[in-house]
Amino acid sequence: MHTSSMSDLLIEKKEELIEIFGAREHNLKNIDLAIPRNKLIVLTGLSGSGKSSLAFDTIYAEGQRRYMESFSAYARSFLGGMERPDVDKINGLSPVISIEQKTTSKNPRSTVGTVTEIYDFMRLLFARAGVAYSYLSGHKMVRQTEDQIIEQLFENFRDKKLYILAPVVKGRKGHYRELFEQIRKMGFSKVRVDGVVMEVQPKMQVDRYKIHDIEIVVDRIVADESDRFRISQSLKTALQHGKGIIMLRDEEGNIHHFSKYLMDPTTGLSYDEPAPNTFSFNSPYGACPTCNGLGVTDEITKESIIPDPSLSITRGGIAPLGEYRDVWIFKKIEAILKHYKCSISTPIAKLPDEVVDILLYGDKVEVAVDSVKYPGTKWHTTFEGIVNFLQKQQEGGTEKIQDWISEFTITKTCPDCDGFRLKKEALHFKIDDKHIGQLAEMDITSLGQWFENLEERLDERQNTIAKEVLKEIRKRIGFLLDIGLDYLSLNRPLRTLSGGEAQRIRLATQIGTQLVGVLYILDEPSIGLHQRDNVKLIKALQDLRDLGNTVIVVEHDKDMMLAADFVIDIGPGAGRHGGQIVAAGTPKEILDKDSLTAKYLKGTVNIPVPEKRRKGSGESLILKGASGNNLKNVNLKLPLGQMICVTGVSGSGKSSLIHETLYPLLNQHFYKSKKEPLPYKGIDGLQHLDKVIEVDQSPIGRTPRSNPATYTGVFTDIRALFTELPEAKIRGYKPGRFSFNVKGGRCEDCEGAGMKLIEMDFLPDVHIPCETCKGKRYNRETLEVRFKGKSISDVLDMTVEQAVEFFENQPKILRKIKTLNDVGLGYITLGQHATTLSGGEAQRVKLATELSKKDTGKTFYILDEPTTGLHFQDIEHLLQVLNKLVDKGNTVLIIEHNMDIIKVSDHIIDLGPEGGALGGQIVTEGSPEKVATHPKSHTARFLKEELS
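Definitions and cut-offs
- Residues numbered from 1 in each chain as written.
- Predicted model: local features only at pLDDT ≥ 70, side-chain atom pairs only at ≥ 80, totals over all residues.
- Heavy atoms only, no water.
- Helix = DSSP H or I, 4+ residues; strand = E, 2+ residues; numbered from the N terminus.
- Buried < 20%, exposed > 50% of the residue type's maximum accessible area, 1.4 Å probe, protein only.
- Pairing = 2+ DSSP bridges.
- Axes fitted to C-alpha atoms, helices over the stretch in contact; angles between N-to-C directions.
- Disulfide = S-S within 2.5 Å.
- Arc of directions from axis to C-beta.
- Contact = heavy atoms within 4.5 Å.
- Core = buried A, V, L, I, M, F, W, Y, C linked by side-chain atoms within 4.5 Å.
- Parallel < 35°, antiparallel > 145°, perpendicular 65-115°, else oblique.
- Left-handed = near helix turned anticlockwise from the far one by under 90°.
- Nonpolar A, V, L, I, M, F, W, Y, C, P; charged D, E, K, R; others polar.
- Expected span 1.5 Å × (residues − 1).

1. Quick notes on unusual backbone geometry
Next up, step 1: The omega angle of the peptide bond from Gly 571 to Pro 572 is -5°, so this bond is cis rather than trans.
Next up, step 2: In this fold, Pro 572 is placed in the loop between β22 (566-571) and β23 (580-585).
Next up, step 3: Despite not being glycine, Gln 514 has its phi angle at roughly 55°, a positive value.
Next up, step 4: Residue placement: Gln 514 occurs in the loop between α17 (499-513) and β20 (519-523).
Next up, step 5: Since its relative accessible area comes to 41%, Gln 514 is described here as partly exposed.
Next up, step 6: Phi at Asn 629 is positive, roughly 45°, even though this residue is not glycine.

2. Re the sheet that holds strand β10 (residues 211-222)
Next up, step 1: Taken in spatial order, the six strands of this open sheet run β9-β8-β10-β7-β11-β12, and their pairing is antiparallel. The open sheet has two edge strands with one neighbour each: β9 (196-199) and β12 (255-259). Here the strands of the sheet are splayed against their neighbours by 35° on average, with no regard to which way each runs.

3. Points about the state of the cysteines
In a disulfide, the sulfur atoms of two cysteines are covalently bonded to one another.
Next up, step 1: The full count for this structure, using the stated rule, is zero disulfides.
Next up, step 2: Left without a disulfide partner, Cys 288 is nearest to the cysteine sulfur of Cys 291, which lies 3.7 Å away.
Next up, step 3: For Cys 288, a relative accessible area of 2% translates into the label buried.
Next up, step 4: Here Cys 414 is not cross-linked by a disulfide; its sulfur's nearest cysteine counterpart is in Cys 417, at 3.6 Å.
Next up, step 5: Looking at Cys 414, the relative accessible area reads 1%, which means it is buried.

4. Considering helix α6 (residues 146-156)
Next up, step 1: Along α6, the positions that sit buried rather than exposed are Ile 149, Ile 150, Leu 153 and Phe 154. Taken down its axis, α6 places every buried residue within 130° of arc, on the same side. Turned more than 90 degrees from where α6 packs its buried face, Asp 147 and Glu 155 sit exposed.
Next up, step 2: Buried residues along α6 sit against β7 (161-173), β10, α8 (228-241), β11 (245-249) and β12.

5. Section: the nonpolar core
Next up, step 1: Residues Phe 451, Ile 718 and Phe 807 are the most contacted members of the largest nonpolar core, which totals 139 residues.
Next up, step 2: With eight residues, the top contributor of residues to this core is helix α31 (residues 872-887).
Next up, step 3: Once residues within four sequence positions are removed from consideration, Phe 807 is found in contact with Ile 718, Leu 721, Phe 787, Val 795, Ile 813, Leu 814 and Ile 817.
Next up, step 4: In terms of nonpolar packing, the next biggest core, distinct from the first, is built from 31 residues, Phe 188, Val 191, Leu 235 and Leu 239 among them.

6. Quick word on the packing of helix α5 (residues 118-129) against helix α16 (residues 460-482)
Each pair of packed helices can be described by the angle between their axes along with the distance between the axes.
Next up, step 1: Running from N to C, α5 and α16 point in directions that differ by 165°, and their axes come no closer than 10 Å. By the angle class used here, α5 and α16 are roughly antiparallel. The two elements α5 and α16 cross, and the hand of that crossing is left-handed. Of the residues in α16, those in contact with Ile 118, Phe 121, Met 122, Leu 124, Leu 125, Arg 128 and Ala 129 of α5 are Arg 461, Gln 462, Ile 465, Ala 466, Val 469, Leu 470, Glu 472, Ile 473, Arg 476, Ile 477 and Leu 480.
Next up, step 2: The residue makeup of the contact of α5 with α16, split by class, is 13 nonpolar, one polar and four charged.

7. Some words on helix α29 (residues 811-822)
Next up, step 1: In this model, α29 (12 residues) spans 16 Å end to end at C-alpha, consistent with the 16 Å of a helix rising 1.5 Å per residue.
Next up, step 2: Listing the buried residues of α29 in full gives Ile 813, Leu 814, Lys 816, Ile 817, Thr 819 and Leu 820.
Next up, step 3: Check the buried side of α29 and you find it contacts α23 (708-712), α24 (714-723), α28 (800-806) and α30 (839-852).
Next up, step 4: Just downstream of α29 lies Gly 824, where phi reads positive at about 90°.

8. Concerning the environment of Asp 120
Next up, step 1: Within the secondary structure, Asp 120 sits in helix α5.
Next up, step 2: When the C-alpha positions of Asp 120 and Gly 585 are compared, they lie 43 Å apart, and in sequence the two are 465 residues distant.

9. Considerations on the packing of α6 against α8
Next up, step 1: Taken N-terminus to C-terminus, the directions of α6 and α8 make an angle of 125°; their axes are 11 Å apart at the nearest point. The angle between the axes of α6 and α8 places the two elements in the oblique class. Read as a crossing pair, α6 and α8 show a hand that is right-handed. Taking contact as the criterion, the partners of Glu 146, Ile 149, Ile 150, Glu 151, Leu 153 and Phe 154 in α6 are, on α8, Arg 228, Ile 231, Ser 232, Leu 235, Lys 236 and Leu 239.

10. Looking at the sheet that holds strand β4 (residues 87-91)
Next up, step 1: Taking strand neighbours across the sheet as the criterion, the three strands line up as β2-β1-β4 in an open arrangement whose pairing is antiparallel. The open sheet has two edge strands, β2 (31-36) and β4, and neither has a second partner. Put simply, the sheet's adjacent strands are angled 5° from each other on average, direction ignored.
Next up, step 2: The sheet contact formed by strand β1 (residues 17-23) and β2 spans five bridges and is antiparallel. Its bridge partner lying in β2, Ala 23 is registered against Ile 31.
Next up, step 3: Running over the sheet, helix α2 (residues 51-69) touches β1, β2 and β4 and is turned about 70° from β4.

Function cannot be read off these values alone, since they describe shape.
Written as structure tokens, this is what we have:
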């Protein structure tokens, strides 16, 4: 008895742990680890130490694989299998759900509303409880039963002569020969065509190119009670032929409409029965036909085709045509201008407006054009207009032509639906005087308030219908508010959200599903989150844990670590120097250890606040009157030659101001880019800069063929070095010989991939090293050329650290590789596949690429949260690099929430005070010391603690 209860206890104990034995994925050094279940666990460590390898490539991959294994072999053949991660075994694993950053949809049809399902419930609510209004008269639409129609007929038209009409054609072209024949065969003798009653004749037809309204004259009656039976039979017949709609024509010729469906009694406009897809912009039943439910249209405008009217047509004034050449189109234009007594070499601004319109939109008048093929003869031809020609090509041209035409298009809000994305009918179903598009525009806070006491504003029928739906909507809105996304609106496209925002939306959706016994793995959910909202995020994760789930978070945030139940620190270094468990335990136990993370948490090691702030160059860049999205006419003054931090709570307008107004504006000025900035009034100080560089977190490449060496351009220099070697010269090798992307030097068996893909039915595709080149990517002859004993393939396998030593006497190559090392990427290999780099790593590869270029001292750098994926130690490395840039006179602008970066910057611009509609203003600006004293700034509260 005693022993069995003892073993039960042991089993119970075991079940409370997830045990991992011998994990060797990527750089993990054969680690064994026990993680408590149903707790909040934080995985931390230097960038590249192996956190993601453990969390995603081992635990998640194994959980996914086991789930796949549960399907039949037949089902697995469609799904493709999963590779077994390199681990001996994992015990106690639950079903896993990963919430990463890279999984956001780039589809313009995915919005916050569709992902959180709030919009789907709202569609249901409007379809079942919405009140319809006519878009012609604004009157409320009515439905009538047959009995009601009969009652109204006797009430309003007693003893009057009436025609009962059944509409069969409404506003359509055609000759309708067959329809008239059909009507005749059904035994009707009269029809009303375009308002005129006529007899039905054999072989009768109407003008097929005109628009017609045709009604069958079902009966001519006098509204007399004694004829009630006949009248009701005729109405039934008319409703049957008119598909639920009838018209009555009285003695004066006035028409009265009646319908079993929704109908406007004054104009006769009728709507289809509403269904949820009537309100979906992704369905042909609901989407606005002009913009196909996207809310915006691409227009070719006069301004985009004639960017500079001071040029003449010969000098390239019409952008798509370029400068004058001896071709047909210019001959045609010349002939048109001659016809209107103008010259092709006159500046476009001086040509009469009507002539410019003819050039753009065409003219039906024929003009005579000299023939090139048959001199002395003339062609008589009309001109369709440049805009019309481009539009035709845009719809039916090749992809290349469409890309070229997109240079001359401007994206505008759709004029028909005003950006609401829906058909007219859908926007005239209302609840409490609001249509669904207006609700989708509100931020979540206002939306929550609107739904708050909605029952009081609905009638009894609506309340009965809406009860359950409202419960679901409120629940989901509550989750978004809890997680700090109160400033988003439902119509915000998912692709415009930052990685952290998208991750938190998926987190809110997951909490909403109320699953139990699941293992959640999150990748840095605090990205893009202000310290103030961190508390909300931690609370959301704890709620997920309290439901009975295990939550593993890969994170560098101090607050998150201290709030966790269990912390695992991986290290001690990055890449080959990492992959071991440095410390594991409760936050309290971790603080007693001597690991690098513990030192930063305790504050024994920290990033020092600089003694004095840089003064800068004294020049400024001033952006005036920025008013896009939620910006409230902001005037932004950026002191040049300093490190500037733009801060503020999530949704306060940082991205709108910097990414969508300032960057496109500078980009247009220096590089003539096409992207239009958000509205602003003016900008001063551009003369003090000579280039702008933005470093964001998008991947450096989507295929395994791109890698840090190719992206930074150092591979070109390395290939040039190999080409110069005596052995290569003797053999006559050119740089292409050392590329794995072109024929010549690469292994042709695997086409330079180094791997071969073997497709396995029922099992995952297997990548095996190519047998011919053993994974080296090149053929034997190429590998015989060696520099310091290393082949080109050996160089690609080197880590950045090794390469720095190896190329120490090659200044051109060393400069590029050294910057990779300086930004803390010493652990990645030069040939590492771009697809295996994290968002933060990709961003630092880009940063290194920009840093290795010769800076001019007048460069303006824009960085978006460069601390993503960085440990405290890595942030210190990053700051050294950024400080070097600023010390040379360049300006570095950083959008950031990380206090370590904010406290060392020279100048802070704090936006707010809140997110969404309550944000969009500059709350305070100046040195960190000045900003920290501001009473209303959320950033100031946390900055004060850091500086003290």
